[in-house]
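Geometric and topological summary
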Amino acid sequence: MENTNIKKIGILTGGGDCPGLNAVIRAAVKTAILQYGWKVTGIQDGFEGLLVDGKARPLLFDHVKDILDKGGTILGSSNRANPFEYKFKVHGKLVTEDRSPILLEKLQSMEIDALMVIGGDGTLSIAHRLHGLGVPIVGVPKTIDNDLASTDITFGFDTAINTATDALDKIRTTAESHHRVMVVEVMGRYAGWIALQAGIASGADIILIPEMPFKLEKIYEIIKERVRTGRHSSIIVVAEGANPEGGEMVIKKIVEDSADAIRLGGIGEILADKISSEIHVESRETVLGHIQRGGTPSAFDRILSTRLGVGAVKLLAEGNFGRMVCLRTPHIDSVPLEDAISQLKKVDPDSEVVQAAKAIGVSFGI
Ligand code: F6P
């Protein structure tokens, strides 16, 4: 059923960038114009664009031409602009303020009838709260981490694992030529999906993920055994959130004014140093970092993004607000935003994919 009250929608992208964002924007703009005759406003820099003037512009067909294959987001993004806890400095001191009333006024003054927000758990949590204030809103799940429980897969993940796999294939050259252990740290926050999938795809010897705390002694044992049996190079893929049994995740820094304050990173360096110093096997670390979030989206991500963009506009048209569009293979479906943000999707250590990796001799350091 169509909600005929909508004449104009706003679209924003929040949180970290991710391959496929532009494909969602393109699909949403085209569907809104072609199927419903709506106007579309593009909001710049996430929720920040709804709190200050001059950060919104009309999105027409021409604006979404040639963006299907472009990484990043033409709308810009931010993970610093939570309207409910807007942080800013006064005389060098960090102050937090609820700016949601300003956001509601802005929506009204721009005559935006409904909002589509494309983001990860942080952005979708804000969307859920805005829905609670009566904003007609739908969400589209985005993250290279693939850690949202209410969708089979998030767009961006496929591109990220392809990028990481390509890097790992290249790193093997140095590992083999120099008889080294190469430790490659990948992103993923508190979930090990990128490490697991890229590790399997690249034939890694050891995969370390947050869901399976590792034992350093076990890693030493495996490497020594490999050296003893003539395998002088090894590849370890370590998720940035992986930690030793009884230990903590390694925090690189805390960014106080960010909605997502904890930055993980550094476990790769610690591991490589330990391997070099404890068992005297030359080891180096490589941190893939934001390379995993960049570049052109894979064909899979372009298709998924397009389907989600179309699905989100349909939700708005049906008046199905407060929901997140999702993939329930083979269908595009939706779930209440509340469910979408309530739990993270983590790797199940007993899952078939982990067992398959173990069956071919991959160690998880346990
Ligand atoms: O959530 C996506 C992600 O790339 C994580 O894998 C990573 O921990 C984080 O964002 C990095 O955030 P930032 O771009 O703010 O450094």
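Residues numbered from 1 in each chain as written. Predicted model: local features only at pLDDT ≥ 70, side-chain atom pairs only at ≥ 80, totals over all residues. Heavy atoms only, no water.

**A short note on the site of the ligand**
Taken together, the neighbourhood of the ligand is formed by N79, T143, I144, D145, M187, G188, R189, E240, R263, H290 and R293. The separation between an oxygen atom of the ligand and a polar side-chain atom of R263 is 3.2 Å. In this structure, an oxygen atom belonging to the ligand sits 2.8 Å away from a side-chain N or O atom of R293. Protein contact buries 83% of the 400 Å² of open area that the ligand shows by itself. Partitioned by chemical class, the residues of the shell around the ligand number two nonpolar, four polar and five charged. When we break the shell around the ligand down by domain, the ones giving at least three residues each are domain 1 (8–155 + 297–340) and domain 2 (159–292). (Near = heavy atom within 4 Å. Polar contact = N/O pair within 3.5 Å; in protein donor to acceptor, adjacent residues only side chain to side chain. Areas by Shrake-Rupley, 256 points an atom, 1.4 Å probe, with all protein chains shown as cover. Nonpolar A, V, L, I, M, F, W, Y, C, P; charged D, E, K, R; others polar. Domains from an automatic or database assignment.)

**Considering the packing of aromatic side chains**
For the coordinates displayed, the defined rule picks out two aromatic pairs. Each ring, one from Y36 and one from W38, has its centre 4.8 Å from the other, and the planes form 25 degrees; the classification is stacked. Relative accessible area serves as the criterion here: at 23%, Y36 is assigned to the partly exposed category. With a centroid separation of 6.2 Å and 40 degrees between ring planes, the pair formed by Y86 and F88 is classed as tilted. Using a relative accessible area of 9% as the deciding quantity, one classes Y86 as buried. Over the face of the ring belonging to F88 we find R99, whose NZ or CZ atom lies 4.6 Å from the ring centre. Taking NZ or CZ as reference, K345 lies 5.8 Å from the ring centre of W193, over its face. (Phe/Tyr/Trp six-rings, centres within 6.5 Å; stacked < 30°, edge-to-face > 60°. Buried < 20%, exposed > 50% of the residue type's maximum accessible area, 1.4 Å probe, protein only. Lys NZ or Arg CZ within 6 Å of the ring centre and 35° of its normal.)

**Overview of the sheet that holds strand β2 (residues 39–43)**
Strand order in the open sheet made by the seven strands is β3-β2-β1-β6-β7-β14-β15, with mixed pairing throughout. Every other strand in the sheet has two partners, leaving β3 (56–58) and β15 (331–336) as the edge strands with one partner each. For this sheet the average axis-to-axis angle between neighbouring strands, irrespective of direction, equals 25 degrees. Of the strand pairs in this sheet, strand β6 (residues 114–119) and strand β7 (residues 137–141) are connected by five bridges, and their pairing is parallel. Bridge pairing in β7 links G119 to P141. (Pairing = 2+ DSSP bridges. Helix = DSSP H or I, 4+ residues; strand = E, 2+ residues; numbered from the N terminus. Axes fitted to C-alpha atoms, helices over the stretch in contact; angles between N-to-C directions.)

Scope: geometric values only; no functional claims are made or implied.
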